[in-house]
Amino acid sequence: MPTEVILPKVDMDMDAGLLAQWHVATGEHVEKGAALFDIETDKAAMEVEAPASGIVGHIVAEAGSRIPVGQVVAWIYAENEEIPDLPPGGTISGDTGAAEQEAGRNEVAEVPQPTAPAARGSDEAGAENDSGSPRPRATPAARAAARKSGVDLGRVAGSGPKGRIQADDVMRQQPVSSGPAAVAGLSEAAPPVDWAENQRPLAMTRRKGRAKGHPILLIHGFAADASGWAPLEKALGDAREIIRIELPCHGRSPLVRIGSFREFTRMMVRAFDDLDVAQLHLVGHSLGGAVAAAIADIRPRRIASLSLISPAGLGPEIDGATLYGIARATRTDSLAPWLKRLAARPDAISHDFAKAAMMARMEPELRAAQVELADMLFPDGTQSFDLSAAMARVDTPFKIVWGRQDRILPWRHALRAPDVAGLHLLDKAGHIPHIERPEAVALPLLENFRTGEIPVQQR
Amino acid sequence: MNAPTRQPDADIRELSYSEAIREAMGLALERDERVVLMGEDIGVYGGAFQVTGDLVERFGADRVMDTPISELGGAGVAVGAALTGLRPIYEFQFSDFAALAMEQIVNQAAKMRYMLGGEASVPVVFRMPAGSGTGAAAQHSQSFEAWFGHVPGLKVVQPSTPEDAKGLLLAALEDPDPVVMFEHKLLYKMKGHVPEGWYTTPIGKSAIRRHGKDVTIVASAIMVHRALAAAEKLAGEGIEVEIIDLRSVRPIDGDAIIGSVKKTGRLLCVYEGVRTLGIGAEISAMIAESEAFDFLDAPVLRLGGAEAPIPYNPDLEKAAVPQIPDIESAARRLARREV
Amino acid sequence: MSDDNRPFAIRKYDAARLRDALRKMYLIRFFEEGAEDSYMRGLIHGTMHLSIGQEASAVASCIGLTDEDKITSTHRGHGHCISKGAEVGRMFAEFFGKEEGYCHGRGGSMHIADVTKGNLGANGIVGGGLPIAVGAGLTAKRLNTGAVAICFFGDGANNEGAFHEALNMAAIWKLPVVFICENNKYGMSTSTERSTAVKNIAERAVAYAMPGHTVDGNDFSAVAETVETAIARARAGEGPSLIENLTYRWRGHSKSDRNRYRTKQEIDEWIARDPIQRFRKELIEHAILDESEAEKVATEARQEVEAGIEFAKSGTAPRVSDLARYVYAEENA
Ligand SMILES: Cc1ncc(C[n+]2csc(CCOP(=O)(O)OP(=O)(O)O)c2C)c(N)n1
Ligand SMILES: [Mg+2]
């Protein structure tokens, strides 16, 4: 007899909830107590745990739909139990609402359900929407641009208030011209791409906070951009202001030739200084983690807390092949296999996810600049810089979050971090825990922020 | 060969806004026997705001007629005279008093042509000194443009410059239908270039007073000048504001606004009338319904008069209508995507 | 009784009442001079309409009223206001836009009211008060309060539709209203000859079947007597009356008047007919007070006005955040 999984009542006056996201796929094994899916109500968002161990035989409610309390959403079968073709009670579709399906077709319908982590809007748009629809918050111009270019708004990080996606947030996700890129992809050995430097300041976007507290500064990793923070931003909530700076040669930041990690860091410190913020919580991922550690070392008094997610700079090993694979890929099909290496579960990276990621990297110049950058930072697939000494000097609240299944930077590097750093090792997470398990990453981060906001004497 | 020398003051003749209106009325009285001016104290007194000035001396009390304090009657007489062949310009001493004449303007003048199946014409012009800022409090400071703009059959204009004041008044005189012209009291003394002779400024056409790519401001009357001052400051911050001077409230120049919003993606409406159910509401709705909708990259904002009568106390009075810093900060917030 | 040839007011009112009437006339005069002075010093914004020269009409018309009786006033209303018992300090405070003003700085000169004293307010709209006074008359009749409504308006207002509509309704319903037209010869620049078809505005009473009287508005006693008769008629349920007080404003219509429509000579002639001097002389003649007592009344009034200006200057400015207060009842709290 399979175990039924229902949408539970988690809130006093709740009669339905939005099934926001599944953490498992049909056919997968789950342990009792593991996160099964996320639900959101008007007031809260939370994980629902598996009521039994076994195989998820049927998922009968789609992510993104609004489900009445008590309704069955999945069936878990015992290890040796036979799984019938049809679920015991049939499938339900939830009520996304015809109007929304219509209006949101281009954004929501293409979202790679159920596993793509960045599937939803960049902020609480879903929670604020009465119908519970996870429509991203975006301006009409952004929607029009997304429609035209096929960009999935669910993957775009908004730079407007409350994370609203603006037209130019979409623009930078779309290819400058699809022609040459497609041609380049066809030839076996793409000719080296010439690119020119430009001297703009680094791209910075902010989302205002609802309450007091220091702002959070997010620094992404190699070959990523600010849009990758969307799931974590959502998990972090909207109390604090969020600032994102994009690394040189990434996202909307200018393409520049950089001779050393030191020089790279210096550019970031300059952008940091331009922020004109007294104190902030610094969060960095991977290469961004190393940069964050360097900034914290240089500007210790302006850092309220430091949180590093799978940071670089703690050992020589790195999966160089993946870095180059991602940096060079000219189309989705060549990018996807590399992206899959980032996640704990390869199927977490759907084709659509990869397609959207490719959209953001269509500029040959950007790719060429990133390849050069990788050559400089990671020669022969080795991390050329070491930040363990810098980290040892950190004296603000300091946490490191790492995925146990990280195949790019081994989590054991964390053991070289100073003893003051709290270490959170996440299961079912690869190199991108902030995308794979945003809530689990947010938890220690928020704790870190809170500690960082308590006056030193009272800590 | 020498470059031809320009006449030094060939086209820089400056008049005040009220002088420009007076010049228009003078030209009309000279050119067309059918033109008469009517209103309270427009004769020897020269008008409450000295707009008619010396016209009574030039054209006589038969054509520059002081009426008793009888707005309903006066406006109605003007309507009747227009219906039967005269070309009256009726001056309300303050636009507020048009409330006493609503009947004749709204029920009679505006609808006459239609009710009579196109067989009648009411070419009357109502001049309305309007707006706050003079310390005259609740019954002498209102901005009724939107009221009249709500009435099919009327045309409503609101010049912001001396040149347009003259041009729109002459256009109103040439127009076969009733035209209501709002003149902002604080603009009467403003000077500007005014071409000589008879010319018209088309009714229903706005004017772009400043070009910019970041934010569109649609403003009217004195708000155009406040918006320009705000834009100047914002330019120093790298924010380029485009300013559309509405000029006509009815018909409204939709194409110009839609075109500009398509370019900037951001719209701020600035007007002195009460914010709710005002000109800004109409413009916002128009944009929402238009092809410019897809180009909006921020919510449309309205800056209008407070939801209160105009207060007497000078600080309250200032706070009751948009001022330069209000416009500046609203446009800045739009440009910086803080809204 | 009939052998008493003294003027009506002297016969009718006791010395204290008459002295108070003189005091009020001085208060009006000095209040307006003080307002004018403050305006010229840039302490007051906006404009103002001064009734200097018309004090007898205001005070004599109100001398028989209680706080239960109502008045509606005009843009030229300071005199009516003081006659109905307003404090000059709070009036100045209103002029200065202060919270202590009668309208908490919201209304200014043209809207001063004191509803607690039966003063329903000045009015920025010519003729605006006429139907309102009829409404007050209707209330008095319906509720049987015995109150009357005195409706002040200018000669200019008698050409507004509201005048005719109001008089007609007051007459058909026999309401306790006394319409008092302060005919100062001009509505702004337009003389009654040019604006009004009848010679005396009181003649218009005929059209509405009510008594009409034209009175020397600078003769305190004559005004008091005529109004008293009309009030008695109103209180007796016999309906409204129309009284025309002939008077003159010494100052221009408002601050922007260049006096191009009247002659210096005309103005001087009327200044010679100062209603305050005339009343003061009358009181002295009839031994209500002597010269030095009269002077004392004037001096005290002057001091009251000076104190009022100081009171107003030290008043509190309204908070800008209270801009929309008083728009609706719930905002009053
Ligand atoms: C309905 C209306 N029309 C015009 C005015 C402008 N206005 C204010 S006072 C005034 C003259 C009023 O004359 P009158 O009634 O004789 O009163 P006075 O000023 O002589 O005391 C005018 C035309 C107004 N306030 N309201
Ligand atoms: Mg008068």
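Rules used throughout
- Residues numbered from 1 in each chain as written.
- Chains lettered and ligands numbered in written order.
- Predicted model: local features only at pLDDT ≥ 70, side-chain atom pairs only at ≥ 80, totals over all residues.
- Heavy atoms only, no water.
- Helix = DSSP H or I, 4+ residues; strand = E, 2+ residues; numbered from the N terminus.
- Contact = heavy atoms within 4.5 Å.
- Donors = N, O, S within 2.8 Å, 3.2 Å for Na, K, Ca; no water.
- Buried < 20%, exposed > 50% of the residue type's maximum accessible area, 1.4 Å probe, protein only.
- Near = heavy atom within 4 Å.
- Polar contact = N/O pair within 3.5 Å; in protein donor to acceptor, adjacent residues only side chain to side chain.
- Areas by Shrake-Rupley, 256 points an atom, 1.4 Å probe, with all protein chains shown as cover.
- Nonpolar A, V, L, I, M, F, W, Y, C, P; charged D, E, K, R; others polar.
- Axes fitted to C-alpha atoms, helices over the stretch in contact; angles between N-to-C directions.
- Parallel < 35°, antiparallel > 145°, perpendicular 65-115°, else oblique.
- Left-handed = near helix turned anticlockwise from the far one by under 90°.
- Patch = residues over 30% accessible without salt bridge, like charges linked within 9 Å, V, L, I, M, F, W, Y side chains within 5 Å.
- Salt bridge = Lys/Arg side-chain N within 4 Å of Asp/Glu carboxyl O.
- Pairing = 2+ DSSP bridges.
- Buried area = accessible area lost by both parts, 1.4 Å probe.
- pLDDT = per-residue confidence, 0-100.
- Disulfide = S-S within 2.5 Å.
- Expected span 1.5 Å × (residues − 1).

Colleague: What is the right way to read the overall build of chain B from this model?
Modeller: Broken down by element type, chain B carries 11 helices and 14 strands. Intrachain contacts of chain B at a sequence separation of at least 6 include 82% that bridge at least 24 residues.

Colleague: What is the right way to read the coordination of the magnesium ion (ligand 2) from this model?
Modeller: A four-donor tetrahedral metal ideally has 109.5 degree angles, and a six-donor octahedral metal ideally has angles of 90 or 180 degrees. All names here are of chain C. The coordination sphere of the magnesium ion (ligand 2), as far as protein atoms go, consists of Asp155 (OD), Asn184 (OD1) and Tyr186 (O), spread over 2.0 to 2.1 Å. In primary sequence terms, the donor set of the magnesium ion (ligand 2) follows D-x28-N-x1-Y. Pair noted here: Asp155 is in the loop between strand 2 (149-154) and helix 7 (161-172) and Asn184 is in the loop between strand 3 (177-183) and strand 4 (186-187), with a separation of 29 residues, a long-range link. Here the two residues Asp155 and Asn184 agree in accessibility, since each one is buried.

Colleague: Explain the site of ligand 1 here, please?
Modeller: Surveying the vicinity of ligand 1 reveals 22 residues, the closest of which are Glu71 of chain B together with His75, Arg76, Gly124 and Gly156 of chain C. Residues near ligand 1 are shared among chains B and C, making this a multi-chain site. Asn184 of chain C is positioned such that a nitrogen or oxygen atom in its side chain is 2.9 Å from an oxygen atom of ligand 1. The protein chains hide 97% of the 570 Å² of surface that ligand 1 would expose on its own. Here the residues of the shell around ligand 1 are counted per class, giving 8 nonpolar, 9 polar and 5 charged.

Colleague: Would you take a moment to explain the packing of helix 7 (residues 222-235) of chain B against helix 11 (residues 324-335) of chain B for this structure?
Modeller: Packed helices, taken two at a time, are described by the angle their axes make and the gap between the axes. All names here are of chain B. Here helix 7 crosses helix 11 at 55°, and the two axes come no closer than 8 Å. Between helix 7 and helix 11, the angle falls in the class oblique. Here helix 7 and helix 11 pass one another in a crossing that is right-handed. From helix 7, Met223, Arg226, Ala227, Ala229, Ala230, Lys233 and Leu234 reach across to helix 11, where they touch Ile324, Ile327, Glu328, Ala331 and Arg332. Split by residue class, the contact of helix 7 with helix 11 holds 8 nonpolar, no polar and 4 charged.

Colleague: Even after reading the chapter, I still don't get a nonpolar patch on the surface, so can you show me in this structure?
Modeller: Residues and elements named next belong to chain C. Together, Val115, Leu120 and Ile132 give the surface a local cluster of nonpolar side chains, amounting to about 260 Å² of exposed area. Along the chain, Val115 falls in the loop between helix 5 (88-95) and helix 6 (129-143). For Val115, a relative accessible area of 59% puts it in the exposed group.

Colleague: Looking at this structure, how should I read helix 4 (residues 140-149) of chain A?
Modeller: Since one α-helical turn is 3.6 residues long, residues separated by three or four positions face the same way. Of all 10 residues in helix 4 of chain A, 8 are buried, a share of seventy percent or more. Within two residues after helix 4 of chain A, Gly150 of chain A carries a phi angle of roughly 75°, on the positive side.

Colleague: For this particular structure, what's the right way to read the sheet that holds strand 14 (residues 301-305) of chain B?
Modeller: Sheets are built from strands that pair by backbone hydrogen bonding, the pairs being arranged parallel or antiparallel. All names here are of chain B. In space, the 5 strands of this open sheet follow the order 9-11-10-13-14, with mixed pairing throughout. Sheet topology places strand 9 (207-210) and strand 14 at the edges, where each strand pairs with a single neighbour. The mean inter-strand angle of the sheet, taken between neighbouring strand axes irrespective of direction, is 25°. Pairing geometry for strand 10 (residues 215-219) and strand 11 (residues 241-245), over 5 bridges, is parallel. Bridge pairing links Val215 to Val241 in strand 11. Of the strands in this sheet, strand 10, strand 13 (267-274) and strand 14 touch helix 9 (residues 279-289), which is tilted by about 150° from strand 13.

Colleague: Any chance you could explain the interface of chain B and chain A here in plain terms?
Modeller: Many structure descriptions define interface size as the accessible area lost when the parts assemble. Of the residues lining the interface, 11 residues belong to chain B; the matching set on chain A comes to 15 residues. Taking both sides of the interface into account, the surface hidden between chain B and chain A amounts to around 870 Å²; carbon and sulfur atoms contribute 44%. Among the residues of chain B in contact with chain A, Asp294, Asp297 and Arg337 of chain B are the three that bury the most area, contributing 65% of the side total. Here Asp168 of chain A ties to Arg337 of chain B by a salt bridge, and the two come within 3.1 Å at their closest N and O atoms. Seen at the junction of chain B and chain A, the total is 9 residue pairs in polar contact (both at pLDDT 80 or more). In terms of residue class, the side of chain B that touches chain A is made up of 6 nonpolar, no polar and 5 charged.

Colleague: When you look at the interface of chain C and chain B in this model, what are you seeing that I'm missing?
Modeller: With 38 residues of chain C at the interface, the matching set in chain B holds 35 residues. Together chain C and chain B conceal approximately 2,900 Å² of surface at their shared face, both sides included; 59% is due to carbon and sulfur atoms. When residues of chain C are sorted by the area they lose upon contact with chain B, His45, Met188 and Leu323 of chain C head the list and together hold 23% of the total. The tally of links from chain C across to chain B stands at 1 salt bridge. Note that Arg194 of chain C and Asp66 of chain B form a salt bridge whose closest N and O atoms lie 2.8 Å from each other. Our count for the contact surface shared by chain C and chain B stands at 16 residue pairs in polar contact (both at pLDDT 80 or more). Going through the elements one at a time, helix 5 and helix 8 (192-195) of chain C are the ones with two or more residues in the side of chain C that touches chain B.

Colleague: How should the confidence of the model for chain A be read in this particular structure?
Modeller: Interpretation of this model should avoid reading the predicted coordinates in detail wherever pLDDT is low. All names here are of chain A. When the pLDDT values of chain A are averaged, the result is 81; 84% of them are 70 or greater. Mean pLDDT across the secondary structure elements of chain A bottoms out at helix 2 (residues 105-109), with 34, and peaks at strand 12 (residues 280-285), with 97. Across residues 93-133 the pLDDT falls below 50, and counting only partners more than four positions away or on other chains, this stretch makes 104 contacts in the model. Across residues 176-190, where pLDDT falls below 50, the model places 6 contacts with residues more than four positions away in sequence or in other chains.

Colleague: Looking at this structure, how should I read unusual backbone geometry?
Modeller: Phi is mostly negative for residues that are not glycine, and the peptide bonds are mostly trans. Of the consecutive residues Arg250 of chain B and Pro251 of chain B, the connecting peptide bond is found in the cis state with omega at -5°. Unusually for a residue other than glycine, Ser286 of chain A sits at a positive phi of about 60°. Its identity is not glycine, yet Arg337 of chain B carries a phi of approximately 45°, on the positive side. On the secondary structure map, Arg337 of chain B appears in the segment after helix 11. Arg337 of chain B sits in the buried class, given a relative accessible area of 19%.

Colleague: Even after reading the chapter, I still don't get the pairing of strand 6 (residues 54-59) of chain A, so can you show me in this structure?
Modeller: The side chains of a regular strand alternate, residue by residue, between the two faces of the sheet. All names here are of chain A. Strand 6 sits mainly inside the fold: 5 of its 6 residues count as buried. With 2 bridges connecting them, strand 3 (residues 29-30) and strand 6 associate as antiparallel partners. Bridged to His29 within strand 6 is Ile55. Here 4 bridges tie strand 6 to strand 8 (residues 72-77), and the two strands are oriented antiparallel to one another. Among the inter-strand pairings, Ile59 is bridged to a residue of strand 8, identified as Ala74.

Colleague: Is there a simple way to explain the state of the cysteines in this structure?
Modeller: By definition, a disulfide links two cysteine residues through a covalent bond between their sulfur atoms. All chains considered together, the criterion is met by 0 disulfides over all chains. Cys62 of chain C forms no disulfide, and the closest cysteine sulfur to it belongs to Cys81 of chain C, at a distance of 9.9 Å.

Colleague: Whenever I open this one, helix 13 (residues 364-377) of chain A confuses me. Can you help?
Modeller: Residues and elements named next belong to chain A. Along its 14 residues, helix 13 runs 20 Å from first to last C-alpha, staying within 8% of the 20 Å computed at 1.5 Å per residue. The buried fraction of helix 13 is high, at 10 of 14 residues. Among all positions of helix 13, only Leu366, Arg367, Ala368, Ala369, Gln370, Val371, Leu373, Ala374, Met376 and Leu377 are buried. Among the structural elements, helix 8 (261-274), helix 9 (287-298), helix 10 (320-328) and helix 12 (351-359) are those in contact with the buried residues of helix 13.

Colleague: Explain the pairing of strand 2 (residues 35-39) of chain B to me, please; I cannot follow it from the model alone.
Modeller: All names here are of chain B. Where burial is concerned, most of strand 2 is hidden: 5 out of the 5 residues are buried. On strand 2, burial covers both faces: Val35, Leu37 and Gly39 on one face and Val36 and Met38 on the other are all buried. In this sheet, strand 4 (residues 87-91) lies alongside strand 2 in parallel orientation, the contact comprising 5 bridges. Across the sheet, residue Val36 finds its bridge partner in strand 4, namely Pro88. Bridge analysis of strand 2 against strand 3 (residues 64-66) gives 3 bridges, and the strand direction is parallel. Bridging from a neighbouring strand, Gly39 pairs with Asp66 of strand 3.

Colleague: Honestly, the environment of Asn313 of chain B in this entry has me stumped. Any pointers?
Modeller: Tracing the backbone through its elements, the reader meets Asn313 of chain B in the loop between strand 14 and helix 10 (314-319). Judged by its relative accessible area of 4%, Asn313 of chain B falls in the buried class. With 177 residues separating them in the primary sequence, Asn313 of chain B and Ala136 of chain B have C-alpha atoms 9.6 Å apart. In contact with Asn313 of chain B, other than residues within four places in its own chain, are His45, Gly97, Gly105 and Pro318 of chain C. Here Gly97 of chain C takes part through its backbone oxygen, which lies 2.7 Å from a polar atom of the side chain of Asn313 of chain B.

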